[in-house]
Amino acid sequence: MKAIIQRVSRASVTTEGEKVANIQGGLLILLGITDDDIQKDINWLSKKISNLRIFNDENGVMNKSLIDINGDAIVVSQFTLHASTKKGNRPSYIKAAKPDTAIPLYEQFIKQIEIDLGKKVQTGQFGADMKVELLNDGPVTIIIDTKDKV
């Protein structure tokens, strides 16, 4: 499971002309899922993201977490995070989980991060053509891969 997290001043997701998610400060989480991801990956990644100290404290030092600032989050499924570009010019998505595997794991991740944050998170729409807008704050963008947690 791979996530790109972006600290944002604002972010939104629009599908078919309708805004389905909108936050004013917090994290935009792009989530890529593989066939071998399990609940243990979900638990670890959710806890890591929720507690990652990337928000400024009163001294302007990144020392606060999303939990500490009571910030909001949007989770967007993005299979392209697992693109392989080693051969040729057309990316291969063979490592990305198919929807029958990815959807339940995506939904479990959303439930887990809501538990860890103690609040509802907003989401994109799985499999839809989405327009994601954000104002990256910092900019702060971090890539976390559950395969690299050791």
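Scroll up to find the structure this text is about.
Residues numbered from 1 in each chain as written. Predicted model: local features only at pLDDT ≥ 70, side-chain atom pairs only at ≥ 80, totals over all residues. Heavy atoms only, no water.

Chemist: Any chance you could explain the packing of helix H1 (residues 39-51) against helix H3 (residues 99-117) here in plain terms?
Modeler: To characterise two packed helices, one gives the angle between the axes of the helices and the distance between these axes. Contact geometry of H1 with H3 gives a least axis separation of 9 Å together with a crossing angle of 40°. Regarding the angle of H1 to H3, the classification is oblique. At the point where H1 passes H3, the crossing takes the right-handed sense. Contact residues: H1 offers Gln39, Ile42, Asn43, Leu45, Ser46, Lys47, Ile49 and Ser50, while H3 offers Leu105, Gln108, Phe109, Gln112, Ile113, Asp116 and Leu117. (Axes fitted to C-alpha atoms, helices over the stretch in contact; angles between N-to-C directions. Helix = DSSP H or I, 4+ residues; strand = E, 2+ residues; numbered from the N terminus. Parallel < 35°, antiparallel > 145°, perpendicular 65-115°, else oblique. Left-handed = near helix turned anticlockwise from the far one by under 90°. Contact = heavy atoms within 4.5 Å.)

Chemist: Looking at this model, I keep getting lost on the pattern of salt bridges. Mind explaining?
Modeler: A pair can form between side chains of opposite charge whenever their charged atoms are brought close. Applying the stated rule across the entire model yields seven salt bridges. The residue Asp137 makes a salt bridge to Arg7 at a minimum N-O spacing of 3.4 Å. Remark: Arg7 occurs in strand E1 (residues 2-15) and Asp137 occurs in strand E8 (residues 130-145); sequence separation between them is 130 residues. Given a relative accessible area of 29%, Asp137 falls into the partly exposed group. (Salt bridge = Lys/Arg side-chain N within 4 Å of Asp/Glu carboxyl O. Buried < 20%, exposed > 50% of the residue type's maximum accessible area, 1.4 Å probe, protein only.)

Chemist: I would appreciate a short explanation of the layout of surface pockets in the present structure.
Modeler: It is the rolling of a water-molecule-sized probe over the atoms that shows where space remains empty. Taken as a whole, the largest pocket holds about 400 Å³ of empty space. If you go around the largest pocket, you meet 22 residues; those closest to its centre are Ser77, Gln78, Phe79, Thr80 and Gly127. Of all the secondary-structure elements, those providing two or more residues to the lining of the largest pocket are strand E3 (26-32), strand E6 (72-77), H3 and E8. With four residues, E3 is the single largest residue contributor to the lining of the largest pocket. (1 Å grid on protein atoms, 1.4 Å probe; cavity = no way out; pocket = protein on both sides within 12 Å on 5 of 7 lines; lining within 4 Å. Points joined across faces, edges and corners; volume = space filled by probe spheres on them.)

Chemist: Would you take a moment to explain the pairing of E3 for this structure?
Modeler: Along any regular strand the residues' side chains alternate between the sheet's two faces. E3 sits mainly inside the fold: seven of its seven residues count as buried. Two elements, E1 and E3, share seven bridges in a ladder whose sense is antiparallel. Bridge pairing in E3 places Ile4 opposite Leu30. Taken together, the six bridges between E3 and E6 define a ladder with parallel strand orientation. Across the sheet, Leu27 pairs through a bridge with Ala73, a residue of E6. (Pairing = 2+ DSSP bridges.)

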